[in-house]
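Spelled out, the chains give:
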Amino acid sequence: MPDNKQISINKKWKELSTPDPEFPLEAKAPNNILIEITNACNLRCKMCYNPQMKRKKGFISEKLYKRVINQAAELGVDNAGLYTTGESFLHPKIFEFIKYAKDKGIKYVYITTNGQAFNNDNIEKIFTSGLDSIKFSVDAGDKKSYESFKSASWDKLIDIMKKIKKMRDEKNSHLRIFASFVVMPDNFNDLTGYNNVFRNLVDEIKYTPIANQGSQVNIEHTQLKAVSSLFSDLIAPKEEWSPCSFLWNRFIVTHEGYLTICCVDFENQLIYGDLNKQSLIDCWNNKKIKEFREIHKMKEFTKLPMCYNCSFIKRNKKAHSLFLKEMDKILKKEKESKK
């Protein structure tokens, strides 16, 4: 079993998100795969498109899942994220799926979750499955804010996270525990409260400014700027927009078995392959994805409206880096004031 005890979510994200700087149309097979275990979700988060999704809700079949994992393992894929648009722990076979990926040699299996599908009976299965990291999407610093944003139980979330942390430490498990916070006007004042609550429950916290999920969620950057100067200039000038790395560095599989170029393709608008008919590697450099890559490489984003309006390709990388540094300063200052 690999030693994952020191893995940083922010460093791992950077590692898995760095594309070939040449953006070749013929790309080498990626070392990361995201699998939509389900597009169903048990919450209605304000910053997420899932509640408005028109695509039929469903669960990946065991047969399809195993075929995808088998192909990924044969290609030497080391990283597998078992989630995209829904809550993976709603799938009745999720723990079996995690174990299957680990048994096939996938070195790092990770999941993002809202935590609400856990109970005292299935916490133990996190450890027997061999899961390498679990990230809780929290996005609030207190009970009132959380339950307003998420329509879920704050008390249950905290209880589950405490139990997982306690069990992890008692077992001396390699499991890494993370939390994420999508920063937006409604929760900006929760930052210090969030840090105070969760810094002792998780190994690391990932902060991200709110994005529009491929233009599917309406966000007002003017509102963000009004809240704090941290949000100023997060959108780069048009000439600095860049191709989306996802077209080069990860397979993204939907629960139906399609390949899409986007992890928030809630309505399957950016499909380039069908794994019910072809293999991962056969689809990876097919005509359709090359067309998508050329559009991105040439920055002709108007040809793909979902991409053209996406916050991700428009991100001002320098401003985003400064945003994260300023976040660290805010939280460090708060931590020192508590001493």
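Coordinates for the structure precede this section.
In this text, all values refer to a predicted model and were calculated from it rather than measured experimentally.

Definitions and cut-offs
Residues numbered from 1 in each chain as written. Predicted model: local features only at pLDDT ≥ 70, side-chain atom pairs only at ≥ 80, totals over all residues. Heavy atoms only, no water. Helix = DSSP H or I, 4+ residues; strand = E, 2+ residues; numbered from the N terminus. Buried < 20%, exposed > 50% of the residue type's maximum accessible area, 1.4 Å probe, protein only. Contact = heavy atoms within 4.5 Å. Areas by Shrake-Rupley, 256 points an atom, 1.4 Å probe, with all protein chains shown as cover. 1 Å grid on protein atoms, 1.4 Å probe; cavity = no way out; pocket = protein on both sides within 12 Å on 5 of 7 lines; lining within 4 Å. Points joined across faces, edges and corners; volume = space filled by probe spheres on them. Nonpolar A, V, L, I, M, F, W, Y, C, P; charged D, E, K, R; others polar. Core = buried A, V, L, I, M, F, W, Y, C linked by side-chain atoms within 4.5 Å. Pairing = 2+ DSSP bridges.

**Concerning the overall build of the chain**
Counting its regular elements, the chain contains 13 helices and nine strands. Per-residue burial over the chain gives 56% buried out of 339 residues. Sequence-distant contacts in the chain: of pairs separated by 6 or more residues, those separated by 24 or more amount to 74%. Total accessible area computed for the chain in this model is approximately 15800 Å², and 50% of it derives from carbon and sulfur atoms.

**Focus: empty space enclosed by the protein**
Counted according to the given criterion, the structure contains two cavities of 30 Å³ or more. Reported here for the second largest cavity is a volume of approximately 50 Å³. Lining the second largest cavity are Glu36, Arg55, Thr84, Thr85, Ile252, Val253, Thr254, Thr260, Cys262, Cys263, Asp265 and Asn268. Split into classes, the residues belonging to the lining of the second largest cavity amount to four nonpolar, five polar and three charged.

**Brief notes about the environment of glutamate 294**
Tracing the chain through its elements places glutamate 294 in helix α11 (residues 287–297). Sequence separation of glutamate 294 and proline 243 is 51 residues, and the distance between their C-alpha atoms is 9.4 Å.

**Observations concerning the nonpolar core**
Ile33, Ile35, Tyr65, Leu82 and Phe198 are the most contacted members of the largest nonpolar core, which totals 99 residues. Contacts of isoleucine 35, omitting those with residues within four sequence positions, involve Ile60, Tyr65, Val68, Ile69, Gly81, Leu82, Tyr83, Thr84 and Val253.

**Observations concerning the side chain of serine 88**
Tracing the sequence through the fold places serine 88 in the loop between β2 (79–81) and α3 (94–103). The class of serine 88 is buried, set by a relative accessible area of 0%. If sequence neighbours within four positions are ignored, serine 88 has contacts with Ile37, Thr38, Leu82, Tyr83 and Ile94.

**Considering the pairing of strand β5 (residues 176–183)**
When you tally the buried positions in β5, you get seven out of eight residues, the bulk of the element. Examined bridge by bridge, strand β4 (residues 133–137) and β5 share five bridges and lie parallel to one another. Looking across to β5, one finds that phenylalanine 136 is bridged to alanine 179. The pairing of β5 with strand β6 (residues 204–209) spans six bridges and is classified as parallel. Across the sheet, alanine 179 pairs through a bridge with isoleucine 205, a residue of β6.

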